[in-house]
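# A look at the structure
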Amino acid sequence: MKAGFKVLAMLIICLSIAVMLWGDAEPQTIVLGGKAVVMVADVVYAFPELRSKVIAVAGTDQGLGTFLEIVSPGFLSKPQPDRNASVETYAGYKADLYIFKSTMKPSLGKGLEDLGFKVLYMDLESPDDYYKDITALGRRFGLESRANALVNFYRTKIALVQNLKKPERLPKVLVVQFSADGLMVPPDTWMQTRMVAMAGGIPIWKGSNPGSSWAKVNPEQLMAWNPDVMLVINYREDARGSAQKILQDNAYKALTAVKNSKVFGFAQDFYSWDQPDTRWILGLLWIAKKINPEGAKDINIQEEAFAFYNFFYNIERAVFNEKIVVKFGGDIE
Amino acid sequence: MNRLPEAKNFVLSKVKFFIVSGIALAVILFLTLWGRYPEPGLLGIRELVSDELSLRIILLVRLPRMAGAILLGAVLALSGTVFQYVFANPLVDSGFLGVSQGAGLGTIIAMLSGFSFAGMLGLAFAGALLSLAASVFLAKRIRFGGLVLRLVLSGIAVSSVLSALISLLKFTADPLKELPEITYWLMGGLSGVRWQVLVLPAGIAGLCAVVLLALRWKVGLLAMDDAVAKSLVPQTDKLRLVLLGLSVAGTAVVTAYAGIVPWAGLIVPHIARLLFGADTRITIPASIVLGAVFMALCDTVARSLFPVEIPLGIITALLGCIVFVILLVTIPIKVERA
Amino acid sequence: MPSIDCRTVAYTYPHARKPALMDFSVSCSGASVYAVLGPNGGGKSTFLQMCAGLLKPDSGTIEVSERPAFLPQQERIAFAFSVLEYVLFGRAPHIPFLHVPTSSDEERVLSALSALGIEHLAKKRITELSGGELQLVRFARILVQESSIYLLDEPTDMLDPAHSVQIAKLLAREKEQGRLILMATHDLMFAQECADYIIMIKNGILQCCSNSGACLTEDRLSLLFDVPMKQRSTFLPAVF
């Protein structure tokens, strides 16, 4: 009996060592999924070596597939489980690593971890999150130099924006999302609020939204704030149209921003540039251009966009002009 | 011990009704001057005259919104009153037969399909009427109880199914683009109300209200025991359905622009009965007036308390609940004989 | 002349095993009071409801000369109407569809209340009344309907002797004014004193229909109630 126990203990020790060693090896197969998979995928695909390791991506029904197909042709032929697929479906891929947004941790993430799979979580809500998550991803795959390059790209552009000559009086900026029955403002902690501050504007709605998502504001409150510039987001249609609707609405005629025609549809291509997607840096540059046209007069948005797509996703000029510029929306220029 | 005020002579109730209406009108005018521009509080007459923007705000933003609130409150209260008498049950309102959920489902489908406002209105209407039809259809097939009991049971079933469908739509909606809009709408709100939005709902609801006012005495009759009512008016079942249909139509069109706003249709009829007794000749017009002022008050709180809007449904539920609990605890209304 | 004519009426409640009325034929007419007697569940209420038009016979015919005024055994009360408002509902058959009651309707209500000696209750809520008072109020609602046919299900149920007397007097007066009155009752004394004719129903079948003298015998009553019945003297209001 005692001999039996000894053998068992040895077996367990050997297996544990094997597991630990195996665990530390570089993952060869990756699956992306869960809600907000767009942001996660855009980060992962900024690492060229990782593109071929991705064996399945969920939720391509949101148009995700279109952009990444340009970046990595053949993307759309990968298996595409549903965005709301269950733990079992994901487990079926038996990937070395699953990468999700951190909001998936309690549900999908935990489920897979319990089954013994490895999961990497990304927050991706703020610039600091981006630095942290990109660095962690790089370290996991031994791609630290690429990670550093990406982080530096962001830092350089932020420095560029923050060093612009600012006007004497900082502009009062309002960012709203346009919907059928009103305008909504984002919470203080979201990317949009941070970007306005970084670009040298005053986010006048700060402190008014106690919630964790978009909150409606009525025209009266808008007029009490009376912003100098309004940036209008629309996730469903071209934001330029939404900006036009506001400019023509009788209720807003007396607003300073409307009088000076400083109501702009938020720049967008495949996704709106206000989102905490890798493109947020373009959103920042665009905001700076709109709220501080004098100081930012040397910034060429189209060129900046090309620089970003080229560096992050190896997109050549021809492809950029053909496939990405055509998707431009909002008052990008 | 019953502390209800002595039932007043009908003539005296009329006088009281006009006094209450006058007070309501004054309150509504006061609330129109209340808001967040230029600062939270009351807008003075002097400012109105001097600042062009203030006048613009009153005319283009607050007045249509107040009109929307008044219409919403009046229709919900009127429909709630009719439902309570038709079902001879003071605990129902016009959302009862799954009507609110039906209107909600229709509107959400319209939102997800990108319909215009007229389309939303149409689908809300269709949804509400379909729920009523489903409840009635199911009720006819239930094999026991009077018409009222059967409607109650089928109403519960239809409501639950529709709520589940709404949850399903929320689940499949895009969390970035569609879900916030749907969630916000479901909680009720009047921020999108402009004059154009109100024309069609006002017309339809107004028509329904006129007919219901004409039938107001018969509404009370339906609250009598079923056998008694049928012996006095042979077509009671048809009459019940007509009254329900009119109430539902009104509720549907206001739900289309305001979302699902609970409690107003439940609590205002109780307040009307408390002030004026159970006689529908007075309580039906009274619930219209009281409903209008209740909703005007709730909406003013919703748009003025914070810089961002509080969903209207939350305010009506809170305010309505508090009033309801106070009533239940302080006034021992004997509703049924042992 | 008011009349009710039932010919071979049969009725079974939905999903019931036994018929409630079988091969039921009875004819009532003229200014008279009929007492409908019988054991519980025997078919008395069913018969009255059929005459009131609330139930339709499965076979056979019922012809009623005009719309009767019907008083059910019990009433569910949902709202605290005042007595005046409650009785006013009885005027419904005379008020056109989209109209509301007029002051003449209210006057009729008040005179019906005073005929029953309860005009002082006019402004009270019905939920505040005693059982007897409520019964009188319901009676007043019958009066204001101004019908020539009354169908009363257990009219003296809740009433003390004094009130019973009042009802008896009222029924007599109404009969004199040409009304046909059918009342289902357990109160044999009341039936004996007020009724001209008796209708006996047991297990849905007509047992007897004739004048009180012929029907109200110990034998017939014992058979009707399955309990030996004996006529004794008992306390009665002196008026009877």
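In this text the structure is predicted, and so the values were computed from the model without any measurement.

Moving on, we get to the overall build of chain A. Across its full length, chain A carries 15 helices and 10 strands. Along the first, second and third principal axes, the C-alpha atoms of chain A reach 90 × 40 × 35 Å. A buried classification covers 44% of the 333 residues belonging to chain A. The long-range fraction of contacts in chain A, counting pairs at least 24 apart against all pairs at least 6 apart in sequence, stands at 63%.

Secondary structure assignment for chain B yields 14 helices and 2 strands. For chain B, whose C-alpha radius of gyration is 20 Å, the value lies close to the compact-globule estimate of 20 Å for 338 residues. Dimensions of chain B along its principal axes, counting C-alpha atoms only, are 65 × 55 × 35 Å. For chain B, buried positions account for 52% of its 338 residues. Expressed as a percentage of contacts within chain B between residues at least 6 apart in sequence, the contacts between residues at least 24 apart total 77%.

All names here are of chain B. Two numbers describe how helix α8 (residues 195-214) lies on helix α11 (residues 236-258): the axes approach to 9 Å, and their chain directions differ by 160°. The angle between the axes of α8 and α11 places the two elements in the roughly antiparallel class. Considering how the two elements wind past one another, α8 and α11 form a crossing that is left-handed. Side by side, α8 and α11 meet where Val197, Pro201, Ile204, Ala205, Cys208, Ala209, Val211 and Leu212 of the first sit next to Leu246, Ala249, Gly250, Val253, Val254, Ala256 and Tyr257 of the second.

Residue and element names in this part refer to chain C. The 3 strands are arranged β2-β1-β4 in an open sheet whose pairing can be described as antiparallel. Of all strands in the sheet, those bounded by a partner on one side alone are β2 (21-29) and β4 (59-64). Shown here is a sheet whose adjacent strand axes are inclined to one another by a mean of 10°, direction ignored. As paired elements, strand β1 (residues 3-11) and β2 share 6 bridges and run antiparallel to each other. Of the residues in β2, the one forming a bridge with Tyr11 is Leu21. Helix α1 (residues 44-51) rests against β1, β2 and β4 of the sheet, and its axis sits at about 120° to β1.

Let us now look at the interface of chain B and chain A. Taken residue by residue, the interface counts 25 residues in chain B and 25 residues in chain A. Contributions of two or more residues to the side of chain B that touches chain A are made by α3 (52-86) and α7 (179-186) of chain B. Among the elements that take part in the side of chain B that touches chain A, α3 of chain B stands out by supplying 6 residues, more than any other. Of the residues belonging to the side of chain B that touches chain A, the class tally is 13 nonpolar, 4 polar and 8 charged.

All names here are of chain A. Partitioning chain A into domains gives domain 1 (26-124) and domain 2 (164-327). Computed from C-alpha coordinates alone, the two centres of domain 1 and domain 2 are separated by 29 Å. With 13 residues of domain 1 in contact, the opposing surface of domain 2 contributes 11 residues. Among the elements of the structure, α2 (37-44) and α4 (64-71) are those that each provide at least two residues to the side of domain 1 that touches domain 2. Looking at side-chain class alone, the side of domain 1 that touches domain 2 contains 10 nonpolar, 2 polar and 1 charged residues.

Glancing now at the packing of helix α9 (residues 191-198) of chain A against helix α13 (residues 280-291) of chain A. All names here are of chain A. The geometry of α9 relative to α13 is characterised by a closest axis approach of 9 Å and an angle of 45° between their N-to-C directions. Taken together, the axes of α9 and α13 are oblique relative to one another. In the packing of α9 onto α13, the handedness of the crossing is right-handed. Where α9 approaches α13, its residues Met191, Met195, Val196 and Met198 are matched on the opposing element by Trp280, Gly283, Leu284 and Ile287. Classifying every residue of the contact of α9 with α13 gives 7 nonpolar, 1 polar and no charged.

This brings us to the interface of chain B and chain C. Taken together, the contacts link 30 residues of chain B with 27 residues of chain C. Split into classes, the residues belonging to the side of chain B that touches chain C amount to 17 nonpolar, 4 polar and 9 charged.

The next subject is unusual backbone geometry. Residues and elements named next belong to chain A. Even without being glycine, Asn226 reaches a positive phi, approximately 45°. Relative to the helices and strands, Asn226 resides in the loop between α10 (219-225) and β9 (229-233). Backbone geometry at Asn314 places phi at a positive 55°, although glycine is not the residue there. By secondary structure assignment, the location of Asn314 is in the loop between α14 (301-313) and α15 (317-324).

The next subject is helix α6 (residues 147-172) of chain B. One turn of an α-helix holds 3.6 residues; hence residues three or four places apart share an orientation. All names here are of chain B. With 26 residues, α6 extends 37 Å from end C-alpha to end C-alpha; this agrees with the ideal 38 Å at 1.5 Å per step. Within α6, burial applies to Leu151, Ser154, Gly155, Val158, Ser159, Leu162 and Ile166. Looking at the packing, one finds that the buried side of α6 touches α4 (99-112) and α5 (117-141).

Looking now at the pairing of strand β8 (residues 197-202) of chain C. All names here are of chain C. Taken across its 6 residues, β8 has 5 buried, putting it largely inside the fold. Across 4 bridges, strand β3 (residues 33-37) lies against β8 in parallel orientation. By the bridge assignment, Val36 is partnered in β8 with Ile199. What sits between the antiparallel neighbours β8 and strand β9 (residues 205-211) is a turn of 2 residues, in which Asn203 has the positive phi angle 55°.

Residue and element names in this part refer to chain B. Along its 13 residues, helix α12 (residues 264-276) runs 18 Å from first to last C-alpha, staying within 8% of the 18 Å computed at 1.5 Å per residue. In terms of residue burial, α12 counts as a mostly covered element, since 11 of its 13 residues are buried. Listed in full, the buried residues belonging to α12 are Ala264, Gly265, Leu266, Ile267, Val268, Pro269, His270, Ile271, Ala272, Arg273 and Phe276. Looking one or two residues beyond α12, the residue adopting positive phi is Gly277, at roughly 85°.

This part covers the nonpolar core. With 179 residues, the main nonpolar core has Val36, Val87, Leu151 and Ile198 of chain C as its most contacted residues. A per-element tally of this core places α3 of chain B first, with 15 residues. When residues of this core are sorted by domain, at least three fall in each of domain 1 (1-68 + 148-240) and domain 2 (81-146) of chain C.

Residue and element names in this part refer to chain A. Pairing is parallel in the open sheet, where 4 strands are placed in the order β2-β1-β3-β4. Unpaired on one side and paired on the other, β2 (54-57) and β4 (119-122) mark the two borders of the sheet. Within this sheet the neighbouring strands show an average axis-to-axis angle of 20°, counted without direction. One ladder, built from 3 bridges, connects strand β1 (residues 30-32) with β2; its direction is parallel. Bridge pairing links Ile30 to Val54 in β2. Contacts between helix α6 (residues 105-114) and the sheet are confined to β3 (97-101) and β4, with β4 contributing the most and set at about 160° to the helix.

This part covers the environment of Ser21 of chain B. Residues and elements named next belong to chain B. Within the element layout of this structure, Ser21 appears in helix α1 (residues 10-32). Take Ser21: there are 17 C-beta atoms within 10 Å of it, and that puts it in the partly exposed class. In this structure, the C-alpha to C-alpha distance between Ser21 and Ser231, residues 210 residues apart in sequence, is 36 Å.

Residues and elements named next belong to chain A. In terms of burial, strand β5 (residues 172-179) is largely enclosed, as 8 of its 8 residues are buried. What you see with β5 is no split at all: Lys172, Leu174, Val176 and Phe178 on one side and Val173, Val175, Gln177 and Ser179 on the other are buried throughout. Where β5 meets β9, 5 bridges bridge the pair, whose relative direction is parallel. Residue pairing in the sheet places Val173 in a bridge with Val229 of β9. With 3 bridges joining them, β5 and strand β6 (residues 182-185) adopt antiparallel strand pairing. For Phe178, the partnering residue across the bridge sits in β6 and is Leu183. Between β5 and β6, which pair antiparallel and follow one another directly, the connecting turn spans 2 residues.

Our focus in this paragraph is the confidence of the model for chain B. Detailed conclusions should not be drawn from predicted coordinates in areas where pLDDT is low. All names here are of chain B. In this model, chain B carries a mean pLDDT of 85, and residues with pLDDT of at least 70 account for 93%. Model confidence for chain B, summarised as mean pLDDT per element, is weakest for helix α2 (residues 45-50) at 76 and strongest for helix α13 (residues 280-304) at 94. For the stretch residues 1-8, pLDDT sits under 50, and the model shows 14 contacts to residues farther than four places along the chain or on other chains. Overall fold confidence for the complex sits at a pTM of 0.82, while the interface term, ipTM, reaches 0.88.

What counts and what doesn't
- Every chain's residues receive numbers from 1 upward, in the order its sequence appears when written.
- As a convention, the first chain written is A and the first ligand written is 1, with the rest following in written order.
- Totals for whole chains, interfaces and linings use all residues, but because this is a predicted model, local features are given only for residues with pLDDT of at least 70 and pairs of side-chain atoms are given and counted only at 80 or more.
- Where helices and strands are cited, they refer to DSSP runs of H or I of at least four residues and of E of at least two residues respectively, numbered from the N terminus.
- The burial criterion counts other C-beta atoms lying within 10 Å of a residue's C-beta, which is placed from the backbone; the residue is buried at 20 or more, exposed at 12 or fewer, and partly exposed between these limits.
- We call two residues in contact when their backbone-placed C-beta atoms lie within 7 Å.
- The globule rule used for comparison is 2.2 Å times the number of residues to the exponent 0.38, while the radius of gyration itself is calculated over C-alpha atoms.
- Interaxial angles span 0 to 180 degrees and are taken between N-to-C directions of axes, which are lines fitted to C-alpha atoms, for helices over the stretch in contact.
- Orientation is classified from the angle alone, with under 35 degrees giving roughly parallel, over 145 giving roughly antiparallel, 65 to 115 giving roughly perpendicular, and any other angle giving oblique.
- Handedness of a crossing follows from how the near helix is turned relative to the far one, being left-handed for an anticlockwise turn of less than a right angle and right-handed for a clockwise one.
- For two strands to be treated as a pair, DSSP must find no fewer than two bridges joining them.
- The nonpolar class holds Ala, Val, Leu, Ile, Met, Phe, Trp, Tyr, Cys and Pro. Asp, Glu, Lys and Arg form the charged class, and all remaining residues, Gly among them, are polar.
- Source of the domain bounds: an automatic or database domain assignment.
- Multiply 1.5 Å by the residue count of a helix minus one, and that product is the helix's expected span.
- In these notes, a nonpolar core means any group of buried Ala, Val, Leu, Ile, Met, Phe, Trp, Tyr and Cys residues linked to one another through C-beta atoms within 7 Å.
- For every residue, the predictor states its confidence as a pLDDT score lying anywhere from 0 to 100.

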